[in-house]
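# Analysis of the macromolecular model
Take a look at the letters that make up each chain.
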There are 2 protein chains.
Amino acid sequence: MSELTVRPVTGIGDVTPGADLAALIAAAAPWLADGDVVVVTSKVVSKAEGRLVPVPPEPGPERDAARDRAIDAETVRVVARRGPMRIVQTHHGLVLAAAGIDESNVDRSHLVLLPADPDMSAAALRTRIRKRLGVSVAVIVSDTMGRPWRIGQTDVAIGAAGIGTVRDYRGEPDAYGNILDVTQVAVADELAAAADLVKGKAEQVPVAVVRGFRYAPATGGGARALVRTGPEDMFALGTAEARADGLRLAAGLPDDGPLGDADLPPGAVEHALSTVDTKVDVLTASQNRVTLRPGGDPRRPARAGADIHRLRAALAAAGLASTWTDSDDSPFGTITVGMPAS
Amino acid sequence: MSELTVRPVTGIGDVTPGADLAALIAAAAPWLADGDVVVVTSKVVSKAEGRLVPVPPEPGPERDAARDRAIDAETVRVVARRGPMRIVQTHHGLVLAAAGIDESNVDRSHLVLLPADPDMSAAALRTRIRKRLGVSVAVIVSDTMGRPWRIGQTDVAIGAAGIGTVRDYRGEPDAYGNILDVTQVAVADELAAAADLVKGKAEQVPVAVVRGFRYAPATGGGARALVRTGPEDMFALGTAEARADGLRLAAGLPDDGPLGDADLPPGAVEHALSTVDTKVDVLTASQNRVTLRPGGDPRRPARAGADIHRLRAALAAAGLASTWTDSDDSPFGTITVGMPAS
């Protein structure tokens, strides 16, 4: 590896809808060279693309309502909410406070949305810079993102063109012959972070150029390839939201849902039962099914029913599925425990 | 802002326990100057400090067990788990896969723990570099960290000395006179990310120097100030873990827990009741209390009891507390709903 430089591009000035951002960058940085990485703040990309929403300039309920509507329109789902603050997944797949909608560095009568397709924005800028200056650069569109577990924000790549956004070390040996089996580095995010160090937030330096970084060619995914959503996302909901989801699951436990055929983990049923203060007897047990007879005071069947539901919630918390066939006489039916149907 | 450079420090070689890391850095980078930021991979700090755990070199259950014990010893709490993978909070407050314990870039007979106190490690390096070279540098100890919602890892600051780790823009005006009210930039993390671009993972370049970044003096918190835990952490548990926690809460709903005095949000009780398929009548209602009479088939009291517990889980999912006094006769007692006691 050799030295790299991170240079701010000054003199771009205010960017207005319809502006030719590539021309502005080319004029302000005529020294751009092959292999440079041009990191552009999403704010100016959005402004050039006219991604502005008019809002009442005065603070108050009307401005707040207009802002809420703008956030709604960019939101695919809410990840977490606390008071008026919403962390949402946008249609880009990004998880951002207020859907990345910003009120800074724009006049008071507008909000700025993120670019509709930041990878396409990056690709267009790259092509137009090449046309203007005859150089092949990579382009990253950056945005400021908060992080769980960390104070403060860092800039990340939300759009990219001409550059492999991930450096994959998996399968490579280190100096000791160990295989580096887990390390994929999000180099596009690191480049965006490096660029932010010279851009600042309030100084109208919306572009920085990283020179000297030897990157892999683009693989086609753009910065979208850095988005982790779906089953691989272990933090798809805030803790409070997921906890409420668990309570809702308990409220909706079906009495006769299907059980799977997989074997029960040894001891799992016993452990789940031990977490609630109710009595049950084991009627039958096999590798993949345990049938229980609820206990409970025969004179208080309603309480026994509540205890049965408690038990089933405890089993569900342990990842176990159950069914309940009720009876109007003590012992109030049977609970059968198995693995969830896949 | 002016240009900055990021330079790899080569020639440090293998670092062994007891090594004088400051001397190695000073010898390899005699060109260090006042104001430089020296970013050191935690791996070599740990090795110099002897933070190594012996493990059987051969893959197998014994090595795995030794690794698990090492992770346990560094873990304060488990945040999320999937198969053999554990994301935990360490005693530093950091949330890291496998507690940041690494098997790469070390011989097969050892694992490398994180430094015990990375801020202190950074401070000691800073002092000793000043003694050797007579220059005042900032020092960042970096580690590689995964991120929710993003593919790949980036380097972040786990230790820092001589540098303000957060650049706080709150309260400052932008060019349009808007107050930048939410932006705190984790500059130490951005510096660690920039440094990683020249360090690489397998190339034994454990140190990089950022020159030209004008940073604020340290405020005393070190990189520890970048750790967000406790009530401010909206992602304290993985989604699956928090969902299971909600199910456990349902299993443990106390019949007679305390209710708070705060007013109920309008419509919240009705909405929660509408999410479960059971019948209830409102007996009394006030601003801060609603008393319900369970419905249910009087001939099937156990099922009515289960339905009562379902209702209470649905109320809890909506953030509402409830009590239940049971009765052995239909309608099986009363449910009272209020806000949770604070």
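Residues numbered from 1 in each chain as written. Chains lettered and ligands numbered in written order. Predicted model: local features only at pLDDT ≥ 70, side-chain atom pairs only at ≥ 80, totals over all residues. Heavy atoms only, no water.

Let us now look at the pairing of strand β9 (residues 150-161) of chain A. Residue and element names in this part refer to chain A. The element β9 is largely enclosed, with a buried count of 12 among its 12 residues. Bridge analysis of strand β8 (residues 138-147) against β9 gives 9 bridges, and the strand direction is antiparallel. By the bridge assignment, R147 is partnered in β9 with R150. Where β8 folds back on β9, the antiparallel hairpin that results is connected by 2 residues, among which W149 adopts a positive phi of roughly 75 degrees. (Buried < 20%, exposed > 50% of the residue type's maximum accessible area, 1.4 Å probe, protein only. Helix = DSSP H or I, 4+ residues; strand = E, 2+ residues; numbered from the N terminus. Pairing = 2+ DSSP bridges.)

On to the packing of aromatic side chains. Residues and elements named next belong to chain B. The final tally for this structure, using the stated rule, is 4 aromatic pairs over all chains. Measuring from centroid to centroid gives 5.0 Å for W149 and F235, while their planes differ by 80 degrees, and the two rings are edge-to-face. Here F235 lies in the loop between β14 (207-211) and α6 (239-251) and W149 lies in the loop between β8 (138-147) and β9 (150-161), a separation of 86 residues in the sequence. One exposure class covers both W149 and F235, and it is buried. The aromatic ring of W31 is capped on one face by R7, whose charged end is 4.1 Å from the ring centroid. (Phe/Tyr/Trp six-rings, centres within 6.5 Å; stacked < 30°, edge-to-face > 60°. Lys NZ or Arg CZ within 6 Å of the ring centre and 35° of its normal.)

The partner chain B presents 110 residues to the 110 residues of chain A that form the contact. Together chain A and chain B conceal approximately 9900 Å² of surface at their shared face, both sides included; 58% is due to carbon and sulfur atoms. Looking at the side of chain A facing chain B, the largest losses of area belong to A:W149, A:R150 and A:L197, adding up to 10% of the total buried there. In this assembly, chain A and chain B are joined by 16 salt bridges. Linking B:R300 and A:D326 is a salt bridge whose minimum nitrogen-to-oxygen distance equals 2.5 Å. Put simply, chain A and chain B have 46 residue pairs in polar contact (both at pLDDT 80 or more) between them. When grouped by side-chain class, the residues that make up the side of chain A that touches chain B number 60 nonpolar, 19 polar and 31 charged. Note: strand β1 (residues 4-9) of chain A against strand β1 (residues 4-9) of chain B, 3 bridges, orientation antiparallel. Residue pairing in the sheet places A:L4 in a bridge with B:V6 of β1(B). (Contact = heavy atoms within 4.5 Å. Buried area = accessible area lost by both parts, 1.4 Å probe. Salt bridge = Lys/Arg side-chain N within 4 Å of Asp/Glu carboxyl O. Polar contact = N/O pair within 3.5 Å; in protein donor to acceptor, adjacent residues only side chain to side chain. Nonpolar A, V, L, I, M, F, W, Y, C, P; charged D, E, K, R; others polar.)

Now for the relation of the copies chain A and chain B. Overlaying chain A with chain B gives an RMSD of 0.2 Å, the required rotation being 180 degrees about an axis along which the chain moves by 0.1 Å. Look at the turn and shift together and you get a two-fold axis relating the two. In this assembly the copies share their binding face: 100% of the residues contributing to the interface of chain A also contribute to that of chain B. (Least-squares fit on C-alpha atoms with pLDDT ≥ 70 in both.)

With that settled, the discussion passes to empty space enclosed by the protein. Picture a little ball the size of a water molecule; that probe, rolled over the atoms, points out where space is still empty. Summed over all chains, the structure comprises 5 cavities of 30 Å³ or more. In terms of lining, the largest cavity is formed by 24 residues, of which the most central are A:R147, A:T154, B:R147, B:T154 and B:V156. Among the elements of the structure, β8, β9 and α5 (187-199) of chain A together with β8, β9 and α5 (187-199) of chain B are those that each provide at least two residues to the lining of the largest cavity. Class assignment of the residues belonging to the lining of the largest cavity gives a composition of 10 nonpolar, 4 polar and 10 charged. (1 Å grid on protein atoms, 1.4 Å probe; cavity = no way out; pocket = protein on both sides within 12 Å on 5 of 7 lines; lining within 4 Å. Points joined across faces, edges and corners; volume = space filled by probe spheres on them.)

Residues and elements named next belong to chain A. In this structure the tally under the stated criterion is 49 salt bridges over all chains. Here R312 ties to D255 by a salt bridge, and the two come within 3.3 Å at their closest N and O atoms. With R312 in helix α8 (residues 301-317) and D255 in the loop between α6 (239-251) and α7 (268-274), this pair connects stretches of sequence that are 57 residues apart. Like R312, the residue D255 is buried in the burial classification.

Now for the domain arrangement of chain A. What the domain assignment lists for chain A is domain 1 (5-238) and domain 2 (253-338). The C-alpha-based centres of domain 1 of chain A and domain 2 of chain A are spaced at 51 Å. (Domains from an automatic or database assignment.)

So, on to the environment of A:F235. Given a relative accessible area of 3%, A:F235 falls into the buried group. Residues A:F235 and A:G260 lie 25 residues apart in sequence; the distance between their C-alpha atoms is 26 Å.

Residues and elements named next belong to chain A. Position of L264 relative to the elements: it lies in the loop between α6 and α7. It is 9.9 Å that separates the C-alpha atoms of L264 and P340, two residues lying 76 residues apart in sequence. If sequence neighbours within four positions are ignored, L264 has contacts with V269, S286, Q287, N288, R289, V290, L320, V337, G338 and M339.

The next thing to look at is the sheet that holds strand β5 (residues 85-90) of chain B. All names here are of chain B. Read from one edge of the open sheet, 3 strands run β4-β5-β6, paired in antiparallel fashion. Sheet topology places β4 (75-82) and β6 (95-97) at the edges, where each strand pairs with a single neighbour. Here the average twist between neighbouring strands, direction ignored, is 30 degrees. Pairing geometry for β5 and β6, over 3 bridges, is antiparallel. (Axes fitted to C-alpha atoms, helices over the stretch in contact; angles between N-to-C directions.)

A word on the nonpolar core. One broad trend across soluble globular proteins is that nonpolar side chains are buried collectively. With 58 residues, the main nonpolar core has A:V337 and B:V337 as its most contacted residues. Residues within four places of B:V337 in sequence aside, it is in contact with B:L259, B:L264, B:V269, B:N288, B:R289, B:V290, B:L292, B:L315, B:L320, B:A321 and B:S322. Counting residues in each nonpolar core, the second largest holds 50 residues, with A:L191, A:F213, A:A223 and B:A223 among its members. (Core = buried A, V, L, I, M, F, W, Y, C linked by side-chain atoms within 4.5 Å.)

This brings us to unusual backbone geometry. Of note, A:A99 is a non-glycine position whose phi angle comes to about 55 degrees, a positive value. Relative to the helices and strands, A:A99 resides in the loop between β6 (95-97) and β7 (110-112). By relative accessible area, which is 0% here, A:A99 ends up buried. Although it is not a glycine, B:F332 sits at a positive phi angle of roughly 70 degrees.

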